[in-house]
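Residue strings, one per chain:
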Amino acid sequence: MQNEECRMQNAKSGEWQVMRIALKQHSVLPGFGVSLGYTMTYLSLVVLVPLAALFARSASAGWGRFWAAICDPRVVASYRLTFGAALLAALINAVFGLIIAWSLVRYRFPGRRILDALVDLPFALPTAVSGIALTAIYAQGGWLGRWLEPLGIKVAFTPLGVLVALTFIGLPFVVRTVQPALEDLEKEMEEAAASLGAGRWQTLRRVILPALFPALLTGFSLALARAIGEYGSVIFIAGNMPMKSEITSLLIITKLEQYDYAGAAAIAVVMLLASFGLLFGVNALQWWVNRRQRVGA
Amino acid sequence: MTEPAWVRWLLIGVSVAFLGLFLIVPLVAVFSEALRGGVGAYFTSLIDPAALSAIRLTLLVTAIAVPANLAFGLAAAWLIARFDFVGRSVLLTLIDLPFAVSPVISGLIYVLLFGLQGWLGPWLSAHNVQIIFAVPGIVLATVFVTFPYVARELIPLMQEQGSEDEQAALSLGASGWQIFRRVTLPNVKWALLYGVILCNARAMGEFGAVSVVSGHIRGETNTMPLHVEILYNEYNFVAAFAVASLLALLALATLGAKSLVERFSGAGQRGGGAA
Amino acid sequence: MSIEVRHLSKTFGRFAALCDVSLHIPDGELVALLGPSGSGKTTLLRLIAGLEAPDATDGAAVLFHDENVAGRPVRERRVGFVFQHYALFRHMTVFENVAFGLRVKPRSERPSRAEIRERVLTLLRLVQLDGMAQRYPSQLSGGQRQRVALARALAVEPRVLLLDEPFGALDAKVRQELRQWLRRLHDELHVTSVFVTHDQEEALEVADRVVVMNEGRVVQVGTPEEVFHHPADEFVMEFLGSVNVFHGRVEAGKAILGPLTLDYARGVGAKSAPARAFVRPHELEVDDHANGRPCFAAVVQHVNAAGPRVKLTLTADAGESLQAEVSLERYREMRLSPGMVVYVSPRDLRLFVDGEQKVVG
């Protein structure tokens, strides 16, 4: 009762203060103003103003030209290749990334530590270097191309080459997100499943995989997002034939070289929105999965 | 409790084969192609003036971008991990943005802003300032693609550590700068180093974004990755792979440094910073 | 240095953590802020330290010996604050931790290296950690860390010492030792000290004065004896130790509370009102036969004889479960065992009647 009174009194006397609290909670630590000012200035200069320029430019040419630019058959073919190959590469990485993460966490074998460190190579290796290296390997007469050629499989300068490059570039994401989740997985859960009579396969399917699923999904979506935007490692191996093996990022550059700034901006906006949509969708899915697992637990 | 031996070895075999095919073969190919013409040809292509100028430019760009992003990372992490304010999560999302954006688009936005047909282009050319197809543009594009790295390493760590240490220092009479230098910085030094290593690797190796803003002027606006591309497109494979091998060495050094930092910081947490 | 707080309130978003609290702490006392979690005790401590700012209400003030420090930032207040999880700097040795407050002083006030060394080693001796100076916090036990945190807070010669749940993270035996040690240390130093705890035993054993808090308000201030034997209200009664509650009504000069019936002179002529009687387990007399005094029958459910006093769980006729205590001798005399019928009478009780506050002793 007294508390209620007090709350009402609080609300009255502290009206201006509630306004202030709404913007920032009080803290005794110094440096809020400085760090806020610095961060916002930096972000505005580096990110916000240039992004605004992108959206403004894509809109400047008018709806008709925007639509024409993004629906051009050559552009549409590049969407198909980019998104299709990216999706396929992310799926391949989900499967093999899971196996690799499992082997690295659960088993001990010679060379494990070196392989573990090497998984990050696609992050560390400049994309141009990966691009020419992959091309050299899969080209006619290359180390692998030489053996694939007689089988009728052409990798370099075909969509298959795009897939190889995108698989390379997305490899670390799934491994690096699944690994910690696997390490955190309590051994007791598996032991409990076994004590309840589950076989190894049942334990894997009903206990381990569901627990790893959120991490796997995160890794998959990160690999997918990265693959959609990838440029450096792809252009060397793709061959860049219009309608066949041309990715969307390259088309933006082609437009730029033709001084079609509005066209380049329009395609860029489509790609940006696709990436954001993807990330947003995956976050929503993640939220849903987490919530379900928490309720279930 | 584990799988039967044949399953175990099958999984290990698949992992090793996949990693070997996708990681080790390309890595070895870089060095093998670079040395195809012999050691002499290898070094000749490295001391070529255009190659040297590309190396110099890459070092210059990195020397600007990494410290700038280090300062940004510290400020942003202090802001986000130590204060609760409206718009905090929006800011966090903004910091992640370069990870979601194609590098080509990262370059494009600067062309649209500073290029001759861009928003500020006419004004800039009237004042004789060139940003696009010049070094400032390359620096800007590099800063953009690398700015999340330091902040992303610091923010989760500082959030997890909480601000009690800083409050304790404050109650003992330390000033803001003293708190930062003597308490905060030592607590996050490994994460900071980790972020700097990743930031550095990306800054030296960035290709897509830099390619859009560079203009590819040999000896002037070519960074090492761009120089690799030009040599390759000229069918000068040995020289292209020679420069590429330097970048591959950088990548290996990065991986090594990363592993070391991981080990030290792990030991630091266990041994209470006894290192 | 005495501490006085006046009309302090603190709201976090919608939640009123502290409601118009005023309190005076005399110089040199060791005071416990006691209450359940969410009662506002830690908030009050942090407001005294300056780690939080109070809501800007009229007359809100924090006074250290008549000097209002409400507007002063924490680093100028010269308070020693010991954090619940110690907040020791991981990357510094014990020595460097304790020396920190001296080393960050402005050059003009900073003691010389030799003086700092002298002071730190003296403090480490005081907290019985000599020889540990070069260890890192992670190489110490919980109790040792606690004492380093205390030495670090004392190094700056604070005007007041504030401790947030100082023994909360320690196991039972270490807790017991450290709280007696803290009491002795305080008797030696006489720094005005305030500590927060949710453990009533700890508060009653260590403090000169106990401030009982609930829902953001101070409910009672008094010596341990006062708050234990003369609780201001039902909350204090229930919070300080286990207690049996009998629900019922008063009417026509009688109080009828379940199996208990008492004379209640003040109720003569008054309207009937709900009432509750509180009896601590040791205040219930247990006998194996009715002895003429007002009593009721109960059945022994469970006997716990592991301890200096024997704890009994009884069930009264109406099904209420009661806790009672008897001495070992009485337990052996009566040969108590589960299933036995005993006769229970309260030696002492506190009666709370709705609409008035009256203790029948």
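Here the structure is a predicted model, which means the values were calculated and not measured. (Residues numbered from 1 in each chain as written. Chains lettered and ligands numbered in written order. Predicted model: local features only at pLDDT ≥ 70, side-chain atom pairs only at ≥ 80, totals over all residues. Heavy atoms only, no water.)

### Regarding the overall build of chain A
Part 1 of the argument: Of regular secondary structure, chain A possesses 15 helices and zero strands.
Part 2 of the argument: The C-alpha radius of gyration computed for chain A amounts to 26 Å, which surpasses the reference 19 Å derived for 297 residues by more than 25%, pointing to a less compact arrangement than a globule.
Part 3 of the argument: If one aligns the C-alpha atoms of chain A with their principal axes, the spans along those axes are about 90 × 65 × 35 Å.
Part 4 of the argument: Across chain A, contacts joining residues at least 24 apart in sequence account for 76% of those joining residues at least 6 apart. (Helix = DSSP H or I, 4+ residues; strand = E, 2+ residues; numbered from the N terminus. Rg over C-alpha atoms; globule rule 2.2 N^0.38 Å. Contact = heavy atoms within 4.5 Å.)

### Details of the overall build of chain B
Part 1 of the argument: Check the secondary structure of chain B and you find 13 helices and zero strands.
Part 2 of the argument: Along the first, second and third principal axes, the C-alpha set of chain B runs to 70 × 65 × 30 Å.
Part 3 of the argument: The burial tally for chain B puts 57% of its 275 residues in the buried class.
Part 4 of the argument: Sequence-distant contacts in chain B: of pairs separated by 6 or more residues, those separated by 24 or more amount to 71%.
Part 5 of the argument: For chain B, the exposed surface amounts to about 10,800 Å²; the carbon and sulfur share of it is 67%. (Buried < 20%, exposed > 50% of the residue type's maximum accessible area, 1.4 Å probe, protein only. Areas by Shrake-Rupley, 256 points an atom, 1.4 Å probe, with all protein chains shown as cover.)

### So, the interface of chain B and chain A
As a measure of interface size, the accessible area lost when the parts come together is often cited.
Part 1 of the argument: Contact residues are listed per partner, giving 85 residues for chain B and 88 residues for chain A.
Part 2 of the argument: Together chain B and chain A conceal approximately 7,800 Å² of surface at their shared face, both sides included; 80% is due to carbon and sulfur atoms.
Part 3 of the argument: Among the ionic pairs, A:Asp120 bridges to B:Lys258, the shortest N-O distance being 2.3 Å.
Part 4 of the argument: In this structure, the connection of chain B to chain A is made through ten residue pairs in polar contact (both at pLDDT 80 or more).
Part 5 of the argument: Grouping the amino acids of the side of chain B that touches chain A by side-chain chemistry returns 60 nonpolar, 16 polar and nine charged. (Buried area = accessible area lost by both parts, 1.4 Å probe. Salt bridge = Lys/Arg side-chain N within 4 Å of Asp/Glu carboxyl O. Polar contact = N/O pair within 3.5 Å; in protein donor to acceptor, adjacent residues only side chain to side chain. Nonpolar A, V, L, I, M, F, W, Y, C, P; charged D, E, K, R; others polar.)

### Structural notes on helix H1 (residues 41-49) of chain C
Residue and element names in this part refer to chain C.
Part 1 of the argument: The buried count for H1 comes to eight of nine residues, which makes it a mostly enclosed element.
Part 2 of the argument: For H1, the complete set of buried residues consists of Lys41, Thr43, Leu44, Leu45, Arg46, Leu47, Ile48 and Ala49.
Part 3 of the argument: The first or second residue beyond H1 is glycine 50, which carries a positive phi of 95°.

### Considerations on the side chain of C:Arg280
Residues and elements named next belong to chain C.
Part 1 of the argument: As for its position among the elements, arginine 280 is in the loop between strand S14 (273-279) and strand S15 (284-287).
Part 2 of the argument: An unpaired buried charge is present at arginine 280: no salt bridge exists, and glutamate 283, the closest side chain of opposite charge, is 5.4 Å distant.
Part 3 of the argument: At 3.2 Å, the side chain of arginine 280 forms a polar contact with the backbone oxygen of methionine 237.
Part 4 of the argument: Here the side chain of arginine 280 touches leucine 240 through a polar contact of 2.6 Å, landing on its backbone oxygen. (Lys, Arg positive; Asp, Glu negative; His and termini not counted.)

### Structural notes on the sheet that holds strand S16 (residues 296-304) of chain C
Residues and elements named next belong to chain C.
Part 1 of the argument: Pairing is antiparallel across the open sheet formed by five strands, whose spatial order is S15-S19-S16-S17-S18. With one partner strand each, in any of the chains shown, S15 and strand S18 (321-327) form the two edges of the open sheet. For this sheet, the mean inter-axis angle between neighbouring strands, taken without regard to orientation, is 45°.
Part 2 of the argument: In this structure, S16 lies alongside strand S19 (residues 341-346), joined through four bridges in antiparallel fashion. Note that in S19 the partner of alanine 298 across the bridge is valine 342. (Pairing = 2+ DSSP bridges. Axes fitted to C-alpha atoms, helices over the stretch in contact; angles between N-to-C directions.)

### Details of the pairing of S16(C)
Residue and element names in this part refer to chain C.
Part 1 of the argument: In terms of strand pairing, S16 meets strand S17 (residues 309-316) through six bridges, oriented antiparallel. Residue valine 299 lies in a different strand from S17, and its bridge partner there is threonine 315.
Part 2 of the argument: Between the end of S16 and the start of S17, which pair antiparallel, lie four residues, with glycine 307 showing a positive phi angle near 155°.

### Topic: the sheet that holds strand S1 (residues 3-12) of chain C
All names here are of chain C.
Part 1 of the argument: Taken in spatial order, the four strands of this open sheet run S2-S1-S4-S5, and their pairing is antiparallel. Where the open sheet ends on each side, the last strands, each with one partner, are strand S2 (15-25) and strand S5 (67-68).
Part 2 of the argument: Bridge analysis of S1 against strand S4 (residues 61-64) gives four bridges, and the strand direction is antiparallel. When the bridges of S4 are listed, isoleucine 3 appears paired with phenylalanine 64.
Part 3 of the argument: Of the strands in this sheet, S1, S2 and S4 are in contact with H1, which crosses S1 at around 120°.

### A look at the nonpolar core
Part 1 of the argument: Judged by nonpolar contacts, the single largest core of 216 residues is most densely connected at A:Leu54 and C:Leu44.
Part 2 of the argument: Apart from residues no more than four positions distant in its own chain, A:Leu54 is found in contact with A:Ala265, A:Ala268, A:Val269, A:Leu272, B:Ile105, B:Leu108, B:Ile109 and B:Leu112.
Part 3 of the argument: Of all hydrophobic cores here, the second largest spans 47 residues; its members include C:Tyr86, C:Val148, C:Phe167 and C:Phe195. (Core = buried A, V, L, I, M, F, W, Y, C linked by side-chain atoms within 4.5 Å.)

### Details of the packing of helix H8 (residues 127-138) of chain A against helix H10 (residues 159-184) of chain A
Residues and elements named next belong to chain A.
Part 1 of the argument: Between H8 and H10, whose axes approach to 11 Å, the crossing angle comes to 135°. Considered as vectors, H8 and H10 are oriented oblique to each other. In terms of crossing hand, the pair formed by H8 and H10 is right-handed. Residues Thr127, Ser130, Leu134 and Tyr138 of H8 lie in contact with H10, whose contacting residues are Val164, Ala165, Phe168 and Ile169.
Part 2 of the argument: Residue composition of the contact of H8 with H10, grouped by class: six nonpolar, two polar and no charged. (Parallel < 35°, antiparallel > 145°, perpendicular 65-115°, else oblique. Left-handed = near helix turned anticlockwise from the far one by under 90°.)

### Quick word on the pairing of strand S7 (residues 160-164) of chain C
Residues and elements named next belong to chain C.
Part 1 of the argument: Judged by how many residues are buried, S7 sits mostly within the fold: five of five residues are covered.
Part 2 of the argument: By the alternation rule, side chains of S7 split into Val160, Leu162 and Asp164 and Leu161 and Leu163, which are all buried.
Part 3 of the argument: Sheet topology places strand S6 (residues 79-82) next to S7; four bridges connect them, and they run parallel. Each bridged residue has a counterpart across the sheet, and for glycine 80 the counterpart in S7 is leucine 161.
Part 4 of the argument: Relative to strand S8 (residues 192-197), S7 runs parallel, the two sharing five bridges. Looking at S8, one finds that leucine 161 is bridged to serine 193.
Part 5 of the argument: Where the polypeptide runs from S7 across helix H6 (residues 172-189) and back to S8, its parallel neighbour, the crossover connection is right-handed. (Right-handed = clockwise from strand over helix to strand, strands pointing away.)

### Things to note about the packing of helix H9 (residues 164-171) of chain B against helix H10 (residues 176-205) of chain B
Residue and element names in this part refer to chain B.
Part 1 of the argument: It is the contact of H9 with H10, at a shortest axis distance of 10 Å, that shows an interaxial angle of 160°. Taken together, the axis directions place H9 and H10 in an arrangement best described as roughly antiparallel. Two packed elements cross with a definite hand, and for H9 against H10 that hand is right-handed. Together, Asp165, Glu166, Ala169 and Leu170 of H9 and Ile179, Val183, Thr184 and Asn187 of H10 make up the contact between the two elements.
Part 2 of the argument: In the contact of H9 with H10, the residues fall into four nonpolar, two polar and two charged.

### Here we look at the confidence of the model for chain B
Residue and element names in this part refer to chain B.
Part 1 of the argument: Of the residues in chain B, 96% reach a pLDDT of 70 or more, and the chain-wide mean stands at 90.
Part 2 of the argument: This model gives residues 268-275 a pLDDT under 50, and the stretch forms nine contacts once residues within four places in sequence are excluded.
Part 3 of the argument: Scoring of the predicted complex yields 0.83 for pTM and 0.89 for ipTM. (pLDDT = per-residue confidence, 0-100.)

### Details of helix H14 (residues 248-257) of chain A
Residues and elements named next belong to chain A.
Part 1 of the argument: Burial of H14 is extensive: nine of the ten residues sit out of reach of the surface.
Part 2 of the argument: Within the span of H14, buried status applies to Thr248, Ser249, Leu250, Leu251, Ile252, Ile253, Thr254, Lys255 and Leu256.
Part 3 of the argument: Count one or two residues on from H14 and you reach tyrosine 259, which has phi positive near 60°.

### Description of the pattern of salt bridges
Part 1 of the argument: Per the stated rule, a full pass over the model turns up 34 salt bridges over all chains.
Part 2 of the argument: A:Arg65 serves as the salt-bridge partner of A:Asp260, at 3.9 Å between the closest nitrogen and oxygen. On the criterion of sequence distance, the pair formed by A:Asp260 in the loop between H14 and helix H15 (261-296) and A:Arg65 in helix H4 (residues 63-71) is long-range, its members being 195 residues apart.
Part 3 of the argument: Given the relative accessible area of 52%, A:Arg65 is considered exposed.
Part 4 of the argument: Close ionic contact of C:Glu67 with C:Arg72 constitutes a salt bridge, the shortest N to O distance being 2.5 Å.
Part 5 of the argument: For C:Glu67, a relative accessible area of 28% puts it in the partly exposed group.

### Structural notes on the confidence of the model for chain A
Residues and elements named next belong to chain A.
Part 1 of the argument: Looking at chain A, pLDDT values average 85 and 91% of them are 70 or higher.
Part 2 of the argument: Per-element confidence in chain A ranges from a low mean pLDDT of 44 for helix H1 (residues 2-13) to a high of 95 for helix H5 (residues 73-106).
Part 3 of the argument: Under a pLDDT of 50 for its full length, residues 1-5 has, in the predicted model, three contacts with residues more than four places off or in other chains.

### Here's the deal with the environment of B:Leu246
Residues and elements named next belong to chain B.
Part 1 of the argument: With respect to the element layout, leucine 246 can be found in helix H13 (residues 237-271).
Part 2 of the argument: Take leucine 246: its relative accessible area is 27%, and that puts it in the partly exposed class.
Part 3 of the argument: For the pair leucine 246 and leucine 46, spaced 200 residues apart in the sequence, the C-alpha separation amounts to 9.1 Å.
Part 4 of the argument: With sequence-adjacent residues up to four places away left out, leucine 246 is seen in contact with Leu46, Ile55 and Met224.

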